[in-house]
Amino acid sequence: MTLAPSRRHGQAVWSDSRLLYALEEVVEAELNRHLKAAKEWMPHEYVPWSEGRDFDGVMGGEAWAPEQSKVSEVGRIALVVNLLTEDNLPSYHHEIATLFGRDGAWGSWVHRWTAEEGRHGIVMRDYLLTSRAVDPVELERFRMSHMSEGFESDNRHSMLHSVAYVAFQELATRVSHRNTGHHSGDPVCERMLARIATDENLHMVFYRNLLGKAFELAPDQTMCAVRDVVVGFRMPGHGIPGFERAAAQMAIGGIYNVRIHHDDVLQPVLRFLKVLEISGLSGEGLKAQEELGLYMGGLDAQATKFDERREAMLARRAARAARV
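Residues numbered from 1 in each chain as written. Predicted model: local features only at pLDDT ≥ 70, side-chain atom pairs only at ≥ 80, totals over all residues. Heavy atoms only, no water.

**A closer look at the nonpolar core**
With 92 residues, the main nonpolar core has Phe100, Phe168, Met192 and Val226 as its most contacted residues. Looking at which element gives the most residues to this core, the answer is helix H8 (residues 187-217), with 12 residues. Excluding anything up to four places from it in sequence, Phe100 contacts Leu20, Trp106, Val110, Met159, Ser162, Val163 and Tyr207. (Core = buried A, V, L, I, M, F, W, Y, C linked by side-chain atoms within 4.5 Å. Buried < 20%, exposed > 50% of the residue type's maximum accessible area, 1.4 Å probe, protein only. Helix = DSSP H or I, 4+ residues; strand = E, 2+ residues; numbered from the N terminus. Contact = heavy atoms within 4.5 Å.)

**Digging into helix H6 (residues 136-149)**
If you check H6, its first and last C-alpha atoms are 20 Å apart, about what 14 residues at 1.5 Å a residue would give, namely 20 Å. Tucked inside the fold, the buried residues of H6 contact helix H3 (73-87) and helix H5 (104-130). Capping of H6 at its N-terminal end is provided by Asp135; its side-chain oxygen lies 3.0 Å from the backbone amide nitrogen of Val137. (Expected span 1.5 Å × (residues − 1). Polar contact = N/O pair within 3.5 Å; in protein donor to acceptor, adjacent residues only side chain to side chain.)

**Considerations on the packing of helix H2 (residues 24-37) against H5**
H5 packs onto H2 with a crossing angle of 35° between their chain directions and a minimal axis gap of 8 Å. Between H2 and H5 lies a crossing whose hand is left-handed. Between H2 and H5, the contacting residues are Glu24, Val27, Glu28, Leu31, His34 and Leu35 on the first element and Gly104, Ala105, Trp106, Ser108, Trp109, Arg112 and Glu116 on the second. When grouped by side-chain class, the residues that make up the contact of H2 with H5 number 6 nonpolar, 3 polar and 4 charged. (Axes fitted to C-alpha atoms, helices over the stretch in contact; angles between N-to-C directions. Left-handed = near helix turned anticlockwise from the far one by under 90°. Nonpolar A, V, L, I, M, F, W, Y, C, P; charged D, E, K, R; others polar.)

**A word on a positive patch on the surface**
A surface patch of positive charge is lined by Arg316, Arg317, Arg320 and Arg323. Of note, Arg320 is situated in helix H12 (residues 284-323). On the accessibility criterion, Arg320 (43% relative accessible area) is partly exposed. (Patch = residues over 30% accessible without salt bridge, like charges linked within 9 Å, V, L, I, M, F, W, Y side chains within 5 Å. Areas by Shrake-Rupley, 256 points an atom, 1.4 Å probe, with all protein chains shown as cover. Salt bridge = Lys/Arg side-chain N within 4 Å of Asp/Glu carboxyl O. Lys, Arg positive; Asp, Glu negative; His and termini not counted. Charge placed at Lys NZ, Arg CZ, Asp CG, Glu CD.)

**Quick word on the packing of aromatic side chains**
For the structure on display, the rule yields 6 aromatic pairs. Aromatic side chains Phe206 and Tyr207 sit 5.3 Å apart centroid to centroid with 85° between the ring planes, which places their arrangement in the edge-to-face category. Against the face of Phe55 rests Arg132, its NZ or CZ located 4.0 Å from the ring centre. (Phe/Tyr/Trp six-rings, centres within 6.5 Å; stacked < 30°, edge-to-face > 60°. Lys NZ or Arg CZ within 6 Å of the ring centre and 35° of its normal.)

**Focus: the pattern of salt bridges**
One pass over the full model with this rule turns up 16 salt bridges. For Asp87, the salt bridge is made with Arg125, and the minimal N-O distance between the two is 2.8 Å. Taken together, the residues Asp87 in helix H3 and Arg125 in helix H5 connect sequence positions 38 residues apart. The residue Asp263 makes a salt bridge to Arg259 at a minimum N-O spacing of 3.0 Å. With Asp263 and Arg259 both in helix H11 (residues 258-272) and 4 residues apart, this pair spans about one turn of that helix. In the salt-bridge network here, residues are joined through shared partners; they are Arg259, Asp263, Asp300 and Asp307.

**Observations concerning the side chain of Arg259**
On the accessibility criterion, Arg259 (15% relative accessible area) is buried. If near-sequence neighbours (up to four positions away) are discounted, Arg259 is found in contact with Asp264, Asp300, Ala303, Thr304 and Asp307.

**Section: the packing of H3 against helix H10 (residues 243-252)**
Following both chains from N to C, one finds H3 and H10 inclined at 130°, their axes separated by 9 Å at the closest point. The pairing of H3 with H10 is recorded here as oblique in orientation. Viewed along their axes, H3 and H10 form a crossing whose handedness is left-handed. When H3 is examined against H10, the residues Val74, Ile77, Ala78, Val81 and Asn82 are found in contact with a partner set consisting of Phe243, Ala246, Gln249 and Met250. Of the residues in the contact of H3 with H10, the class split is 7 nonpolar, 2 polar and no charged. (Parallel < 35°, antiparallel > 145°, perpendicular 65-115°, else oblique.)

Here it is, written out as structure tokens:
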């Protein structure tokens, strides 16, 4: 097949199939780099098995109670959201395997990514149940409800949009895991989530570098995709029961909020790829770049307002606690 893109109004236009083929060598190189950088680790080594005991039910053990958990309240909320997000791995695999394919370097990456992500759900669930960090009945009911709804990516219509999305989303997941560990109150939990976050960072690097190559091949189309993804970004767990309330509590708790999203997720990727400095764009690409810059400025202002409201709320809470 030819790699040359078609042209529309004087601009190069790449189809998904042409871009997939053109990026195959980059995917292979990034996969080889990833395999050299990734360290083997065993989920069972991060679980405090000696703390485990039977639950009530068929085993006749002890029912779960909140006081059994070593994890902070906001930590429990975030751990449930993070695990339920990881639980949807079968749907994520289906999405990217359908979009990127199961053959060649693309297919090898899809399967390797899926295998690595599978460890995250394994170790998180084992930790949560063994340490009695969360209510196991509520967790399972949430899992059944969430997975029964299925998952459909907002960006399944476009390979470029999907690559752009995961470049940001993998970093967002890393940040969420790391901050959950920091705020969990349990060093065992923090160590486990730090290990998961290391994987997520490597996944981000893979997609970020791929996105950088896409900018070289199809700058206008890629800029439009990045603009669309950044403006419409939402986490893959948005369909979790009670997600909006949980997200609000995580935002106030400092795990993931608009300031973190702007400073620690969007800006690092945009800065590394110099997205707002790319020259030579035309038509829709130039318009998208301008709109992206305006959006980031508005998001920064929104984050500043959030910071002020959050600080005032936390101050009121501290004052009430001192009076009590």
